[in-house]
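Understanding the architecture of this molecule
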Amino acid sequence: MLPTMIHSDPPITSGLRPSRTGFRGASLLSVGTYRPPDTVTNENFRTPTASDPDVWLRRRTGIRKRHYARENDTVASMAAAAARRALEVAGVGAEHVDTVIVATSTHMLCTPPAAAQVAHEIGTANAAAFDLAAGCSGFTHALAVAADLVSCGSSENVLVIGSEKLTTRLDLDDIYTAPLFGDGAGAVLIGPSDRDGIGRVVWGSDGGRRDSITQTVTWDDFLRDRHARPPVLAMDGPSVFRWAVELVPKVVKDIQSQVDVEIKAFIPHQANKRITDAVARSTSLPPSVAVADDVTASGNTSAASIPLAMQTLLESRAAAPGDIALVVGFGAGLCWAGQLIELPAFRSAHEQSIATDSRATA
């Protein structure tokens, strides 16, 4: 367990906030996920050579399949489904959620935010709601924000959701980028605790490399030229690989230096299995640490990848609720964020399916 770290700052006696002697803890109470039912295997993609697509893609990415959202699946609807499951696991009613944060880069409306729709659809009582865009590190950024909101008393129960419909933003003719990505959503409920279940965030950005992961044209350029192709995701894969395998071990080291605890699991952003394997070899984490591997069955789901991988890791019994996990997100920006967490309660995919069927027939 993470040690309790109550700040010993002197009470505030003036200013715009009530006096207080310290901060309370915040913890992950539960996790819930939504994976679209349709899967796409490697055989559906072309490769730059005559080699078998499955062999070629597995060797370079580790990915076997990915989930594709259906037409009626949206960032908001998938986020709402994952949020409902997280609330069911925690046994907390939506009326007790006062803040909803959706981490996404693929909500197709600039306004209103997806989070407001999610807050309404799940039945909150006018919860604060906003989207957070930090690419594939959006979930860990949102986790840090939620932890601080709960710790300082601004919120009681916060839903943090990563939800992406990346398939709407892909050029299927881009044989190097399109096979990497999939769709889905994962949510965690953050609430007050008598201890710190979420460690201090280590985060940053390198905007000088922002063109490594971007979109092909701006929306302004597209609207000016009606004959132009809509913006799609573009990525310099080799550049991102080199950056990630150099950066993430440094972030891991910084996070480890904060507090002396036994780390049981490592959950990095699920970008590419080769990146995960290279990063795991480069860290000082012992071999006993369980390394999350959801990318092989889900592809890169951007801001949804860490909660989806968390669920998979817990279902495999390689880690258990209450174990300490180190999570790191990294991606477009180029941005990164990571922290230690105590793993939350979960419900298996089978149990989630039974619960969904029960609601449908009620």
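Before any of the text, the structure's been laid out above.
So, here is what we can say about the structure in this document. (Residues numbered from 1 in each chain as written. Predicted model: local features only at pLDDT ≥ 70, side-chain atom pairs only at ≥ 80, totals over all residues. Heavy atoms only, no water.)

All right, on to the overall build of the protein chain then. For the protein chain, the helix and strand inventory stands at ten helices and 14 strands. A compact globule built from 362 residues should have a C-alpha radius of gyration of about 21 Å, and the protein chain, at 20 Å, falls within 12% of that. Sorting the 362 residues of the protein chain into buried and exposed places 54% on the buried side. Considering only residue pairs separated by 6 or more positions, the protein chain has 78% of its internal contacts joining residues 24 or more positions apart. Put simply, the protein chain shows about 16,300 Å² of open surface, and 52% of that area lies on carbon and sulfur atoms. Within the protein chain, the 39 negative side-chain charges are centred at a point lying 4 Å from the centre of the 33 positive side-chain charges. (Helix = DSSP H or I, 4+ residues; strand = E, 2+ residues; numbered from the N terminus. Rg over C-alpha atoms; globule rule 2.2 N^0.38 Å. Buried < 20%, exposed > 50% of the residue type's maximum accessible area, 1.4 Å probe, protein only. Contact = heavy atoms within 4.5 Å. Areas by Shrake-Rupley, 256 points an atom, 1.4 Å probe, with all protein chains shown as cover. Lys, Arg positive; Asp, Glu negative; His and termini not counted. Charge placed at Lys NZ, Arg CZ, Asp CG, Glu CD.)

It is worth spelling out the packing of aromatic side chains at this point. Taken as a whole, this structure holds four aromatic pairs when the rule is applied. Taken together, a centroid distance of 6.3 Å and an interplanar angle of 65 degrees make the contact between Trp243 and Phe330 edge-to-face. With Trp243 in helix 6 (residues 237–256) and Phe330 in strand 13 (residues 324–331), this residue pair connects regions lying 87 residues apart in the sequence. Members of the aromatic cluster, joined through ring pairs, are Trp243, Phe330 and Trp336. (Phe/Tyr/Trp six-rings, centres within 6.5 Å; stacked < 30°, edge-to-face > 60°.)

Spatial strand order, 1-7-6-4-5: five strands in an open sheet with mixed pairing. At either margin of the open sheet sits one strand with a lone partner, and together these are strand 1 (25–34) and strand 5 (128–132). Neighbour-to-neighbour, the strand axes of this sheet turn through a mean angle of 20 degrees, independent of strand direction. Both strand 4 (residues 99–103) and strand 5 contribute to a ladder of five bridges, which runs parallel. When the sheet's bridge partners are listed, Val102 is paired in strand 5 with Asp131. (Pairing = 2+ DSSP bridges. Axes fitted to C-alpha atoms, helices over the stretch in contact; angles between N-to-C directions.)

At a minimum axis separation of 9 Å, helix 2 (residues 75–90) and helix 3 (residues 114–122) run at an interaxial angle of 50 degrees. Viewed along their axes, helix 2 and helix 3 adopt a mutual orientation that is oblique. The way helix 2 lies across helix 3 gives a crossing that is right-handed. From helix 2, Val75, Ala76, Ser77, Ala79, Ala80, Ala83, Arg84 and Leu87 reach across to helix 3, where they touch Ala114, Gln117, Val118, Glu121 and Ile122. (Parallel < 35°, antiparallel > 145°, perpendicular 65-115°, else oblique. Left-handed = near helix turned anticlockwise from the far one by under 90°.)

The biggest cluster of nonpolar side chains holds 40 residues, and the ones touching the most others in it are Phe266, Leu326, Val328, Phe330 and Leu340. Breaking this core down by element, the ones donating at least two residues are helix 1 (53–61), helix 6, helix 7 (273–282), strand 13 and strand 14 (335–342). Ranked by residues supplied to this core, first place goes to helix 6 with eight residues. Every residue in contact with Val328, bar those within four places of it in the chain, is listed here: Thr140, Val248, Val251, Val252, Ile255, Phe266, Ile267, Pro268, His269, Ile306, Ala337 and Gly338. (Core = buried A, V, L, I, M, F, W, Y, C linked by side-chain atoms within 4.5 Å.)

The subject of this paragraph is the side chain of Asp171. By the element assignment, Asp171 lies in the loop between strand 6 (158–165) and strand 7 (183–193). Of the polar contacts made by the side chain of Asp171, one reaches the side chain of Arg229; its length is 3.5 Å. Ignoring anything within four residues of it in the chain, the contact list for Asp171 reads Ala178, Arg229 and Val232. (Polar contact = N/O pair within 3.5 Å; in protein donor to acceptor, adjacent residues only side chain to side chain.)

Among all positions of helix 7, only Ile275, Thr276, Ala278 and Val279 are buried. Turning to helix 7, the residues buried within the fold contact helix 6, strand 11 (265–268), strand 12 (290–291) and strand 13. The opening residue of helix 7 is Asn272, an N-cap whose side-chain oxygen sits 2.7 Å from the backbone nitrogen of Arg274.

Within a sheet, neighbouring strands are paired by backbone hydrogen bonds and run either parallel or antiparallel to one another. Judged by pairing direction, the sheet is mixed, and its five strands sit side by side in the order 8-14-13-11-12 without closing on themselves. Sheet topology places strand 8 (202–205) and strand 12 at the edges, where each strand pairs with a single neighbour. Examined bridge by bridge, strand 13 and strand 14 share eight bridges and lie antiparallel to one another. Of the residues in strand 14, the one forming a bridge with Gly331 is Cys335.

Where helix 6 contacts helix 7, the axes come no closer than 9 Å and their chain directions differ by 35 degrees. Crossing hand, helix 6 versus helix 7: right-handed. Residues Phe241, Ala244, Val245, Val248 and Pro249 of helix 6 form the contact with helix 7, whose own contacting residues are Arg274, Ile275, Ala278, Val279 and Ser282. Split into classes, the residues belonging to the contact of helix 6 with helix 7 amount to eight nonpolar, one polar and one charged. (Nonpolar A, V, L, I, M, F, W, Y, C, P; charged D, E, K, R; others polar.)

In short, geometric facts, not functional conclusions.
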